[in-house]
Structures are given as C-alpha cells and as structure tokens.
Amino acid sequence: MATKKSEKPSKESKTKSKEEHKESEIFASCSFSSLGLHPTLCDELRERMDFEAPTLVQAQAIPVILSGRHVLVNAATGTGKTVAYLAPIIHQLQEHEPRIQRSDGTFALVLVPTRELCMQVYEVLQKLLHRFHWIVPGYIMGGENRSKEKARLRKGISVLVATPGRLLDHLRHTSSFLHTNLRWIIFDEADRILELGFGKEIEEILDILGSRHDASADKEIAESYISDHPRQNVLLSATLNEKVNHLAKISLENPVMIGLDYKKMQPVLSFKDFGSLGSDANYELEHPVKMMSPSNGDFRVPAQLVQRYVKVSCGLRLAVLLSILKDLLERGTSQKIQALRAVLLCFQAVSGLKVNLGQSELVLVGDVHNINYLVELLGCRVAYLPMKYLGLLLGGVVQGKLYLGSGG
Ligand SMILES: Nc1ncnc2c1ncn2[C@@H]1O[C@H](COP(=O)(O)OP(=O)(O)OP(=O)(O)O)[C@@H](O)[C@H]1O
C-alpha cells in the first residue's frame, strides 16, 4: 500500500512537470513535417537551427500561410514568428516549377522596423536557404551603401528583407529592381514599424506594389498585379492598436487571425467558395466556430473556417473524401489547391494514408488494398501501381499515383 508520503510527487518530478507544462505552453505537440513542410526544409530546421518541434505560433501559422490566405498574427516577441512566415514561403518557392531564377526578381518582401531585426531575419533566412541555392536571400536597409544595394537588386534577390525607408527609396529610384513577380509581403513587428513613424512610407509602398485594398487604392495597378500573381500578405504584431488595425485593413484581404480573441472576429470564409460537392452523397453540414488562441496553449479551429461533415458508411469514408477532393481539384484555382493541402494533412492523420497533392494528382502511400479499392471506385487513371514496397507488415505498403480528373 502506498504511504501518503510516497503519493506526494517528489521535488524532482514537480520541477519536471513544471518544465513540461512550460514547454507545452511554448511548443506544439507536432512536428514540422506534419505541418506540410518539405523534408529538406525540416532537416535544415533540425540540423542547422536545432529546432526539434514548432512553437505554438509556428504550428498555427505555417499551415495557414501554406494555404495561401492572408494572415494577421498577434503574438508576443520571442514566440518564433520569423520561422512561422519564412518556412512556408521557402517551402512554396522551392517547389515552384520551373525553378525560380535570380532574373525573376523578388518574390517575397519582409518589412522590418530596424536594422538589427533586418540582419536577424536575414541570418535565419540564409540558414534556411542553405540547401535551396537557387533561392537568393538579400537585405536592404538604412545606413548601407545604396549603389551596392542597387547592384544586388539588379542581379535579383528572391526573398528581400528591408526597412521601409530604404525600400521606398529603391522602389522610386532603382529601375532595375524587378518586383512584378512579388507574391508575399510580410510586415514583421508591424506595431514597431508604425511606432517608428513609417506609416506613410508603408502606405506608399503598398500603393507602388499594388497591394492596397481600401477605397483609395489604385485599382488598376492592384488588379494588374493580382490577376497575374496572387498576392498574400502577412502582418505580425505583438500589440494591436488603431494604427496596426488600419494597416491590417488596407493590406490584408479576408485574413485568418491567429492569436486573437475569437469573440472579436467575423466569419469571413464560406464553403460556397468551393462550389457544389456533387450529387450522389448524403451530406450533412455543420458549422462549429472556434478560434486558435496560442495564449491559452489550446489548439482551436479558426473562427472563419467553415466545417462540414458527411455521414457515410465506414468503408466509404476515404472514397467520399477523395471524390470531394477530386471535385475541388477539377474546379480548383491554384489558391484553392493550396487550401486543399491543409485538408489533406487532417486526412493523413485520420486515414493512415500519406497523401501528396500535385497540381492534378494525389500520391497515396498506404495499404495496397485501400489504394486498389479507391482506384476502382473513383475510376482514376493510375500512373504506377504498385511502384515500390516500403514494408511488408500488414500485407505490404504500396505507393500509387492517382490522376484525378483525368478519368478512365
Ligand atoms: N521551433 C523552435 N524551436 C526552438 N527555438 C526556436 C523555435 N522557433 C524560434 N526559436 C528561437 O526562439 C527565439 C525567438 O524567435 P524569433 O526571433 O523568431 O521570435 P519572434 O517572435 O520573431 O521575436 P521578435 O518579435 O523579437 O522578432 C530565437 O532565438 C529563435 O531561434
């Protein structure tokens, strides 16, 4: 029988559980790879940065940024925001086909308030890009030699970290600075950028880059940019005030909020966006509304995410889910396809099948019978099946490639 004394947790185990509790407030209980990042990037995070697991902010922001949505992150300094936005940008740039080149100019712009932060972000960027040599990092900031910066901009910088004043200077005076392929604008420490009085510069930068969404924006510039290159803006701030709200309003479109009080949020996404789901299933729809909040260490679903469920017999689960994905892929714009990646992550977790999403294909890794069954049921074209056996437990694991939407 245990004595009272032995029932009491020892000092050592108390400290341990305190530490574990503290860790669970900072780190998420998932891995970087489960967030959908490329394996090489995950290796860099582990080996070069020594990051074993994502922080809560990273776990929340990375899948959302990968999905292509505009994002507002409200989190304290030191919570790992830099990797939260750099990792998904690098992930998407490295998979760009054809490979991006220096001559394509700037794809991502990170705006920071100070020279110190500029160098800090640039250093992280350099480390993460170590094995993606074709993606060129660079910085421009007040106090540096303008002509040297001009020369670097002329050669091409894929991911550019900049302080606002110097960026505006180059936007006005460096004609060889190519930014027509710009896809991301990140405002890191937006509250400090505005506190330091860069509000006017930021508005002018947004105007020049055609990334301003309010009534005073030059619609023609904005449309010419956005139709060719879907723009995704991300604003990160430790504090929210009127100025930050204003910047969010003019720079973000339909943003996902991370770290905000869900009661203050408006639902912004409708499942109607995805069109009809096909006619032969009996859909039952639900819309539970929850919000991510890193402050309480509790993962919740963002309020603007509309959820649905479909009641089907157990054996049909995968087939119905895949036919919904097939429907979405067939009508998918590249942004919607990005959004599907997030759905697939959940799918992987519940189905035990690993799924990679290409532009028009799903690559499944799992039990051979499941894959055969799905292929038959969906009538998809199969590129190779079986390709290679990865293990022989439970009858073997096989990799198959389904081309969705091609039929036959
Ligand atoms: N997943 C992780 N695992 C371990 N350490 C991490 C992880 N992510 C970030 N860090 C470390 O935490 C510290 C803070 O990260 P970072 O500077 O990105 O935070 P931040 O929220 O951007 O802060 P700031 O607002 O001050 O720039 C850094 O030293 C960084 O190396």
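Residues numbered from 1 in each chain as written. Predicted model: local features only at pLDDT ≥ 70, side-chain atom pairs only at ≥ 80, totals over all residues. Heavy atoms only, no water.

A separate point is the overall build of the chain. A count of helices and strands for the chain gives 15 helices and 13 strands. In the chain, which comprises 408 residues, the proportion classed as buried is 47%. Long-range contacts, defined as pairs at least 24 residues apart, comprise 68% of the intrachain contacts of the chain with a sequence gap of at least 6. On the chain, roughly 21,000 Å² of surface is accessible, and the fraction owed to carbon and sulfur atoms is 53%. (Helix = DSSP H or I, 4+ residues; strand = E, 2+ residues; numbered from the N terminus. Buried < 20%, exposed > 50% of the residue type's maximum accessible area, 1.4 Å probe, protein only. Contact = heavy atoms within 4.5 Å. Areas by Shrake-Rupley, 256 points an atom, 1.4 Å probe, with all protein chains shown as cover.)

Moving on to the sheet that holds strand β4 (residues 159-162). Pairing is parallel in the open sheet, where seven strands are placed in the order β3-β4-β2-β5-β6-β1-β7. Strands with a single pairing partner mark the edges of an open sheet, and in this sheet they are β3 (137-140) and β7 (256-258). The sheet shows a mean angle of 15° between the axes of neighbouring strands, taken without regard to direction. Examined bridge by bridge, strand β5 (residues 184-187) and strand β6 (residues 232-237) share four bridges and lie parallel to one another. Counterpart to tryptophan 184 in the pairing with β6 is glutamine 232. Packing against the sheet, helix α12 (residues 242-251) makes contact with β1 (71-74), β5 and β6, and its axis sits at approximately 170° to β6. (Pairing = 2+ DSSP bridges. Axes fitted to C-alpha atoms, helices over the stretch in contact; angles between N-to-C directions.)

Next up on the list: the pattern of salt bridges. For the coordinates displayed, the defined rule picks out seven salt bridges. A salt bridge links arginine 46 to aspartate 43, with the shortest nitrogen-to-oxygen separation between them at 2.8 Å. Taken as a pair, arginine 46 and aspartate 43 lie in helix α3 (residues 39-47) at a separation of three residues, close to a single helical turn. Of the charged contacts, one joins arginine 48 and glutamate 44 as a salt bridge, the two residues approaching to 3.0 Å between their closest N and O atoms. In this structure, a network of salt bridges that share partners links the residues Glu44, Arg48 and Arg131. (Salt bridge = Lys/Arg side-chain N within 4 Å of Asp/Glu carboxyl O.)

A separate point is the side chain of threonine 114. Mapped onto the fold, threonine 114 is located in the loop between β2 (108-111) and α6 (115-128). Look past the residues within four positions of threonine 114 in its chain and what remains in contact with it is Thr163, Arg192 and Leu196.

Here β1 shows no split at all, with Val71 and Val73 on one side and Leu72 and Asn74 on the other all buried. Pairing of β1 with β6, which is carried by four bridges, proceeds in the parallel orientation. Bridging from a neighbouring strand, leucine 72 pairs with leucine 235 of β6. As judged from the three bridges shared by β1 and β7, these two strands associate in the parallel manner. Each bridged residue has a counterpart across the sheet, and for valine 73 the counterpart in β7 is isoleucine 258.

Okay, the packing of aromatic side chains next. If you walk through the whole model with that rule in mind, you get two aromatic pairs. Taking 4.8 Å as the distance between ring centres and 65° as the angle between the ring planes, the aromatic pair formed by tyrosine 122 and tyrosine 139 counts as edge-to-face. Here tyrosine 139 lies in strand β3 and tyrosine 122 lies in helix α6, a separation of 17 residues in the sequence. When its relative accessible area of 14% is taken as the criterion, tyrosine 122 is described as buried. Judged by its relative accessible area of 16%, tyrosine 139 is buried. With a centroid separation of 5.8 Å and 90° between ring planes, the pair formed by phenylalanine 132 and tryptophan 134 is classed as edge-to-face. (Phe/Tyr/Trp six-rings, centres within 6.5 Å; stacked < 30°, edge-to-face > 60°.)

Turning our attention to helix α4 (residues 56-66). α4 sits mainly inside the fold: 11 of its 11 residues count as buried. Within the span of α4, buried status applies to Leu56, Val57, Gln58, Ala59, Gln60, Ala61, Ile62, Pro63, Val64, Ile65 and Leu66. Phi turns positive one or two residues past the end of α4, at glycine 68, with a value near 95°.

Take the side chain of aspartate 188 next. Position of aspartate 188 relative to the elements: it lies in the loop between β5 and α9 (190-195). Despite its burial, aspartate 188 remains without a salt bridge, the nearest opposite charge being carried by lysine 81 at 5.5 Å. Among the polar contacts listed, one links the side chain of aspartate 188 to the side chain of tyrosine 85, at a separation of 2.7 Å. In this structure, aspartate 188 is in contact with Thr82, Tyr85, Val110, Leu111, Val112, Pro113, Leu117, Val121, Ile193 and Leu236, ignoring residues within four places of it in sequence. (Lys, Arg positive; Asp, Glu negative; His and termini not counted. Polar contact = N/O pair within 3.5 Å; in protein donor to acceptor, adjacent residues only side chain to side chain.)

Close to the ligand lie 16 residues; Ala53, Gln58, Gly78, Thr82 and Glu189 are nearest. Contact between the ligand and glycine 80: an oxygen atom at 3.1 Å from a main-chain N or O atom of the residue. Here an oxygen atom of the ligand sits 2.8 Å away from a polar atom, N or O, in the side chain of threonine 82. Bound to the protein, the ligand loses 71% of the 620 Å² it would expose on its own. (Near = heavy atom within 4 Å.)

Looking now at the packing of helix α5 (residues 81-94) against α6. Close contact between α5 and α6 brings their axes to 11 Å; oriented N to C, the two are set at 40°. Classed by the angle they form, the pair α5 and α6 counts as oblique. Crossing of α5 over α6 shows right-handed handedness. Residues Thr82, Val83, Tyr85, Leu86 and Ile90 of α5 form the contact with α6, whose own contacting residues are Val121, Val124, Leu125 and Leu128. Considered class by class, the residues forming the contact of α5 with α6 number eight nonpolar, one polar and no charged. (Parallel < 35°, antiparallel > 145°, perpendicular 65-115°, else oblique. Left-handed = near helix turned anticlockwise from the far one by under 90°. Nonpolar A, V, L, I, M, F, W, Y, C, P; charged D, E, K, R; others polar.)

Quick look at the pairing of β6 now. Counting buried positions along β6 gives six out of six residues, so the element sits mostly inside the fold. What you see with β6 is no split at all: Gln232, Val234 and Leu236 on one side and Asn233, Leu235 and Ser237 on the other are buried throughout.

This next bit is on the confidence of the model for the chain. Averaged over all residues, the pLDDT of the chain equals 73, while 55% of them reach at least 70. Counting interchain partners and residues more than four positions distant, the pLDDT-below-50 stretch residues 381-408 has 76 contacts. (pLDDT = per-residue confidence, 0-100.)

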